[in-house]
Amino acid sequence: MRGRWSLVRRTLSLAAALGLWQALTAYDINLWLRFEQFPTVTEVARAYADRITGDAYWQDLTDSLTRIVTGFALAAVLGVTVGTAVARSRLAADLLGPVLEVLRPVPAIALVPVAILLFPSNEQGIVFITCTAAFFPVMVSTRHAVRALTPVWEEAVLTMGGGRWRVLWSVVLPGALPGILGGLSVGIGVSWICVISAEMISGEYGVGYRTWQDYTVVDYPGVFVGMATIGLLGWLTSTAVELLGRRLTRWLPRTENRPVAPARRGPAPAATAAPSVRTAQERVRS
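The present account deals with the structure reproduced in this document.

**Concerning the pattern of salt bridges**
With the rule as written, the count across this model stands at eight salt bridges. Where Arg51 meets Asp219, a salt bridge forms, and the shortest distance between an N and an O atom there is 3.4 Å. Taken as a pair, Arg51 in helix H2 (residues 41-51) and Asp219 in the loop between helix H9 (207-216) and helix H10 (220-248) lie far apart in primary sequence, 168 residues in all. Taking the relative accessible area as the measure of exposure, Arg51 reaches 23% and is therefore partly exposed.

**Digging into the nonpolar core**
One broad rule of soluble globular proteins: the nonpolar side chains tend to lie buried together. If you look at the biggest cluster of nonpolar residues, it comprises 51 residues, and the most contacted ones within it are Leu100, Ile129, Phe135, Met139, Leu184 and Trp192. Contributions of two or more residues to this core are made by H2, helix H3 (55-88), helix H4 (90-103), helix H5 (112-118), helix H6 (122-147), helix H8 (164-202) and H10. Ranked by residue count, the leading element in this core is H8, at 16 residues. Here Met139 is in contact with Gly79, Val82, Gly83 and Leu100, once residues within four sequence places are set aside.

**Focus on the packing of aromatic side chains**
Applying the stated rule across the entire model yields eight aromatic pairs. Look at Trp21 and Phe224: their rings are 5.5 Å apart centre to centre, the planes differ by 40°, and that puts the pair in the tilted class. Of this pair, Trp21 sits in helix H1 (residues 2-26) while Phe224 sits in helix H10, and the two are 203 residues apart along the sequence. Exposure remark for Phe224: the relative accessible area of 15% places this residue in the buried category. Between Trp212 and Tyr215 the ring centres are 5.3 Å apart and the planes differ by 35°, which places this aromatic pair in the tilted class. You can see Trp212 and its partner Tyr215 sitting in helix H9, three residues apart, about one turn around the helix. Residue classification places Trp212 among the partly exposed residues on the basis of a relative accessible area of 38%. Tyr215 sits in the partly exposed class, given a relative accessible area of 44%. Taken together through their ring pairs, the aromatic side chains of Trp21, Phe35, Phe38 and Phe224 make up a single cluster.

Criteria and thresholds
Residues numbered from 1 in each chain as written. Predicted model: local features only at pLDDT ≥ 70, side-chain atom pairs only at ≥ 80, totals over all residues. Heavy atoms only, no water. Salt bridge = Lys/Arg side-chain N within 4 Å of Asp/Glu carboxyl O. Helix = DSSP H or I, 4+ residues; strand = E, 2+ residues; numbered from the N terminus. Buried < 20%, exposed > 50% of the residue type's maximum accessible area, 1.4 Å probe, protein only. Core = buried A, V, L, I, M, F, W, Y, C linked by side-chain atoms within 4.5 Å. Contact = heavy atoms within 4.5 Å. Phe/Tyr/Trp six-rings, centres within 6.5 Å; stacked < 30°, edge-to-face > 60°.

Spatial relationships are all this shows, so hold off on functional conclusions.
Right, dumping it as structure tokens:
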């Protein structure tokens, strides 16, 4: 029942936003903000219906998704690897840390001239920009998550005879996984910003390229079709990352949207606490 009401509220929120947009543009409201040149919701809907019947729309959609998936996958692998290495190795921190900290403040979209000079095709350059945009959020989140792990877990594995790789796969990566997933969620959003910007500047196909072309020919309904498509694609990919994270961290307690239970007064009875202690001791012996 709670999930159904949540869906109803979200649907009503979206409907209210669209209704406000329709009212402001249909009546040419011009106060401090000017809405007389904005297309109405119905005009955008008609333009969207016309676009999806053509092959160019789906070609642009495929190209943008291919670029974002390729660049984001590379950024995820490189970000987790480099972040873990910098957090775990003093040598890696000394060699890579200064270079990464100098490059991190540079906006990824500012690397468009570098990508044009380095890569033989625009396609490879756009993937490079997308990868760079997502790399730093993932790397920084991984580095902080690994450094925040308690050393007791690692010492326990080493005491039981585990090696460095066992510590990495059994302690470090699972323990840092919630922080890594946070970086991935941020990275996918930043990737969409940069891939659309790169397509506007140097792309040949893609949603960003088509949106900029519509703007140059003063096709404002087409511009809003591109914006709606970008928003929908960003929402779908972010949701996919979140669902993947929930599946990988099923062992974590889920506390969102749950009422807080009232705190108990007084100590717990000894008869209730004793079985829990015995159960924990039996698990340790096993």
